[in-house]
Each structure stands twice: as C-alpha cells, then as structure tokens.
Amino acid sequence: MILTVTLNAALDITYRVPRVEPHASHRVREVVEKPGGKGLNVSRVLAALGHETLVTGFAGGPSGERLRALLAEVTEEGPVGDALVPVGGNTRRTVGVVDGGGGATLFNEPGPLIAPAEWDRFLSTYDDLLRDATAVALCGSLPPGVPVGAYGTLVRAARAAGVPVLLDTSGEPLLRGLAARPDAVKPNAEELAGITGTTEPLRAAELVRRRGAHAVVASLGADGLLALTPDGSWRVEPPRRLSGNPTGAGDSVVAALLAGLVEELPWPERLARAAALSAATVRAPAAGEFDRAAYEELLPEVRVAARLVAA
Ligand code: ATP
Ligand code: MG
Ligand code: MG
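Residues numbered from 1 in each chain as written. Chains lettered and ligands numbered in written order. Predicted model: local features only at pLDDT ≥ 70, side-chain atom pairs only at ≥ 80, totals over all residues. Heavy atoms only, no water.

Novice: Summarise the site of ligand 1; cite the residues concerned and give the values.
Specialist: Neighbouring ligand 1 are 23 residues, the closest being Lys 38, Asn 188, Ser 219, Leu 242 and Gly 250. Contact distances for ligand 1 include 2.8 Å between a nitrogen atom and a backbone N or O atom of Leu 242. Measuring from an oxygen atom of ligand 1, one finds a backbone N or O atom of Gly 248 at 2.9 Å. When isolated, ligand 1 has an accessible area of 640 Å², and the protein chains bury 87% of it. Counting only elements with at least two residues in the shell around ligand 1, the list comes to helix H8 (249-262) and helix H9 (267-282). With 4 residues, H8 is the largest single contributor of residues to the shell around ligand 1. (Near = heavy atom within 4 Å. Polar contact = N/O pair within 3.5 Å; in protein donor to acceptor, adjacent residues only side chain to side chain. Areas by Shrake-Rupley, 256 points an atom, 1.4 Å probe, with all protein chains shown as cover. Helix = DSSP H or I, 4+ residues; strand = E, 2+ residues; numbered from the N terminus.)

Next comes the structure, spelled out in structure tokens:
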C-alpha cells in the first residue's frame, strides 16, 4: 500500500457566481465540495491508476466528517483508504469563488490547532501504517501546533522502517525534512528559490541535493521537470504546453513518481509518466483528477533528455 500524509487536509468548497464584486451580495449558482489537501490529491490519482493507497493526517469536527464522507464517495475512481486521525478542532475549509470567466478568488482557513497529545497519537498511527507501506509521501504545509521539524521526524521514521519516502513541502518544514535525508523531494520553482535564494533551477536543485535529498525532482510548471538522481540527471519537456487548471499538477508528479518507484521502473520512465500525468491533470477541472484519454495520448510524446551534469 502507498501511504500519503496530509497534515493540513481541507474541505474544498467552490462557489460559482456570474461575477465577483467587492461589498456586494452574490447569488451562488452552484456549490461543489471536494476532499482537499496535497496528499489526498496524490492518493486519488494513485487510486485511479490502480494502486492501493491510504491517506493519513488529521480530520475533525463537522467539516472533517464531510471530508471523510467525500473521500468514501470518490471510490468510483478507485478506493482511497481513510486512516485520518480524529482531532478536536474543525478541519479547515477552503472557499474558492469562481466567476463566469473561470477566475477564482480564494479564502483559506488556517486549520485547527493540533494539541501535543493529538500529534503524539498521529505519530503512533504513522508508525503502525509504515509497517504495511511500500512507499510514503509527505505533502503540504503544517497546521498550527505541529512542530516545525515534523517532516524531519516523519522522514526519519520512514527510513528506520525501510520505507522509501518522498517529501513535497516548502520553506522551513522542507529544510528540516531535508536534513533527515529523504529519498526524494519535489519542489516547484518557487519552493526551490525560497529555500536556496537562487532562481536558476539547476543550481538550486544541486544545492537541495547537497542538503540531503537522494533525488531532487524539480517541477518547473509549463517548462517541465529537472531531475537529479543517484542514477543520473534528466530534463523532461512537457509533451505540449497546455492551457487549463495547473492546480494539483505537482501532486500528480508525486503520484507518478511513487507509482514508478513501487513498479520499479527506471528513472526516465518514471519521469516520462510524471510529465504526461501532470499535463493530463492540467487538462482536468480539479486537483486530484486527470484526463485519462489525454494521459494515454501524451505519454508516448514525452521526451526525456539525459543531462551531463555532475549529480
Ligand atoms: P501543485 O502544488 O499545485 O500540485 P506545483 O506548483 O507543485 O503544483 P508545477 O511545477 O506547477 O507544480 O507543475 C507540475 C508539472 O505539471 C510540471 O513540472 C509540468 O510537467 C506539468 N505542467 C504544469 N503546467 C503545465 C502546462 N501548462 N502544460 C503542460 N504541462 C504542465
Ligand atoms: Mg505551480
Ligand atoms: Mg506543489
């Protein structure tokens, strides 16, 4: 089973209105609720690819209940196991107000304060889940109350259990996780620049590798992927520059890398799948979803080029 961790899971609510005007009353045409949070997106994509997967993190209060119900419903794409740990606070909601032109105005709640006893309960659940995991992904930001070094702790526990671990986060939590030597990290361009102070992706990726990641897969939006791994270095161009919704494209990169890892595919093949799957996610309306026909059409078009750099 592939385990994903989302410490800051959310209930995503989308309101559709013809247009947004400040200080005015709006009639909402449609309300859509979805399970939200980076690791949940990764697991939904993995399930749709036919992989057995389980999500953990926190869920609490009425919005936590709703999140779990929605997670049970997405099972038609492929079952996503629910191992979220109950907490006293209410799971955060994100509200996106989408206007007729497709533009979104977002409101993100901070998330419940996690008590020390709740964090301890999570750690023991995580240790139990690692016993049956073939790989684990640690995804997204930390909720209030969780120690800033949380990802360092979770990376070390995975390594001690012999489970390959991929980290996808930003800022100080990423730096703290890197120090524990994860198997892979997947920063986007902004996250790379944020922790290295350089906007030159290759230089930044090399710095991140030196800080402790065995492999760095940098996602550069429409410019594709740059991978520095123990087996070599590659540059992957997206099959085509697509228009659509890029939210969650990085989560699909993570899903493809995990799937390729457990299927023991060579790195170039993992990267080709990551580029096609993330592009197919840009073509789908929501994060955690991808256009399957686009994925199959794009995959044979992806070119993976070896880079001659000192990795
Ligand atoms: P998120 O965190 O929202 O999931 P991200 O910011 O971490 O996303 P990006 O670097 O924006 O990740 O996108 C991930 C990958 O998706 C890119 O490396 C690229 O392969 C693919 N991708 C993104 N935008 C496009 C696009 N316009 N056309 C084709 N492929 C794209
Ligand atoms: Mg992006
Ligand atoms: Mg991302």
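What follows continues from the structure just given.
Novice: Pulling in residues and values, what's your account of empty space enclosed by the protein?
Specialist: Enumeration over the complete set of coordinates arrives at 1 cavity of 30 Å³ or more. Size it by volume and the largest cavity reaches roughly 50 Å³. If you trace the largest cavity, you find it lined by Leu 7, Asn 8, Ala 9, Phe 58, Thr 91, Arg 92, Pro 112, Ile 114 and Pro 143. For the lining of the largest cavity, the residue count by class is 6 nonpolar, 2 polar and 1 charged. (1 Å grid on protein atoms, 1.4 Å probe; cavity = no way out; pocket = protein on both sides within 12 Å on 5 of 7 lines; lining within 4 Å. Points joined across faces, edges and corners; volume = space filled by probe spheres on them. Nonpolar A, V, L, I, M, F, W, Y, C, P; charged D, E, K, R; others polar.)

Novice: Can you tell me about the sheet that holds strand S3 (residues 30-36), naming the residues and giving the values?
Specialist: If you walk across this open sheet you meet the 4 strands as S3-S2-S6-S7, and the pairing is mixed. Each edge of the open sheet is held by one strand with a lone partner, namely S3 and strand S7 (104-108). Direction aside, the axes of adjacent strands within the sheet are offset by 20° on average. Of the pairings in the sheet, the one linking strand S2 (residues 10-16) to S3 comprises 7 bridges and is antiparallel in character. Opposite Asp 12, over in S3, you have Lys 34 as the bridge partner. Contacts from helix H2 (residues 61-73) reach S2, S3 and strand S6 (92-98), with the element oriented near 85° to S3. (Pairing = 2+ DSSP bridges. Axes fitted to C-alpha atoms, helices over the stretch in contact; angles between N-to-C directions. Contact = heavy atoms within 4.5 Å.)

Novice: For the side chain of Lys 186, give the residues involved together with the corresponding values.
Specialist: With respect to the helices and strands, the residue Lys 186 is situated in the loop between strand S10 (184-185) and helix H6 (189-196). At 2.8 Å, the side chain of Lys 186 forms a polar contact with the side chain of Ser 219. If we skip the residues at most four places from it in the chain, Lys 186 touches Leu 167, Asp 168, Glu 191, Val 217, Ser 219, Gly 250, Val 253 and Val 254.

Novice: Tell me about a nonpolar patch on the surface, and name the residues and values.
Specialist: Taken together, the side chains of Tyr 15, Val 28 and Val 31 present a nonpolar region at the surface, about 230 Å² in accessible area. The residue Tyr 15 is located in strand S2 in this model. (Patch = residues over 30% accessible without salt bridge, like charges linked within 9 Å, V, L, I, M, F, W, Y side chains within 5 Å. Salt bridge = Lys/Arg side-chain N within 4 Å of Asp/Glu carboxyl O.)

Novice: Can you tell me about the pattern of salt bridges, naming the residues and giving the values?
Specialist: Across all of its chains, the model carries 15 salt bridges by this definition. The closest approach of N and O atoms between Arg 176 and Glu 172, which form a salt bridge, is 3.8 Å. On the criterion of helical spacing, the pair formed by Arg 176 and Glu 172 is a turn pair, its members being 4 residues apart in helix H5 (residues 171-178). Accessibility expressed as a relative area gives 38% for Arg 176, which makes it partly exposed. The residue Glu 301 makes a salt bridge to Arg 240 at a minimum N-O spacing of 2.8 Å. Residue Glu 301 is found in the loop between helix H10 (292-298) and strand S14 (303-306), and its partner Arg 240 is found in the loop between strand S13 (232-237) and H8; the two are separated by 61 residues along the sequence. Look at Glu 301 and you get partly exposed, because its relative accessible area is 31%. When salt bridges that share partners are traced, they join Lys 34, Arg 44 and Glu 289 into one network. (Buried < 20%, exposed > 50% of the residue type's maximum accessible area, 1.4 Å probe, protein only.)

Novice: Which residues make up the layout of surface pockets, and what are the values?
Specialist: A volume near 190 Å³ is recorded for the second largest pocket. Taken together, 14 residues make up the lining of the second largest pocket; nearest its centre are Asp 183, Ala 184, Leu 261, Trp 267 and Arg 270. For the lining of the second largest pocket, the elements supplying multiple residues, two or more each, are strand S9 (165-168), H8 and H9. If you tally residues by element for the lining of the second largest pocket, the top one is H8, at 3 residues. Looking at side-chain class alone, the lining of the second largest pocket contains 11 nonpolar, 1 polar and 2 charged residues.

Novice: Outline the sheet that holds S14, listing residues and values.
Specialist: Read across the open sheet, the 10 strands follow the order S5-S4-S1-S8-S9-S10-S11-S12-S13-S14; overall the sheet is mixed. Of all the strands in the sheet, just strand S5 (80-87) and S14 have a single pairing partner and so form its edges. Sheet topology note: the S9/S10 ladder contains 2 bridges and is parallel. Within the sheet, the bridge partner assigned to Leu 167 lies in S10 and is Val 185. Seen against the sheet, helix H3 (residues 116-130) touches strand S1 (2-6), strand S4 (53-60), S5 and strand S8 (135-139) and runs at an angle of roughly 170° to S4.

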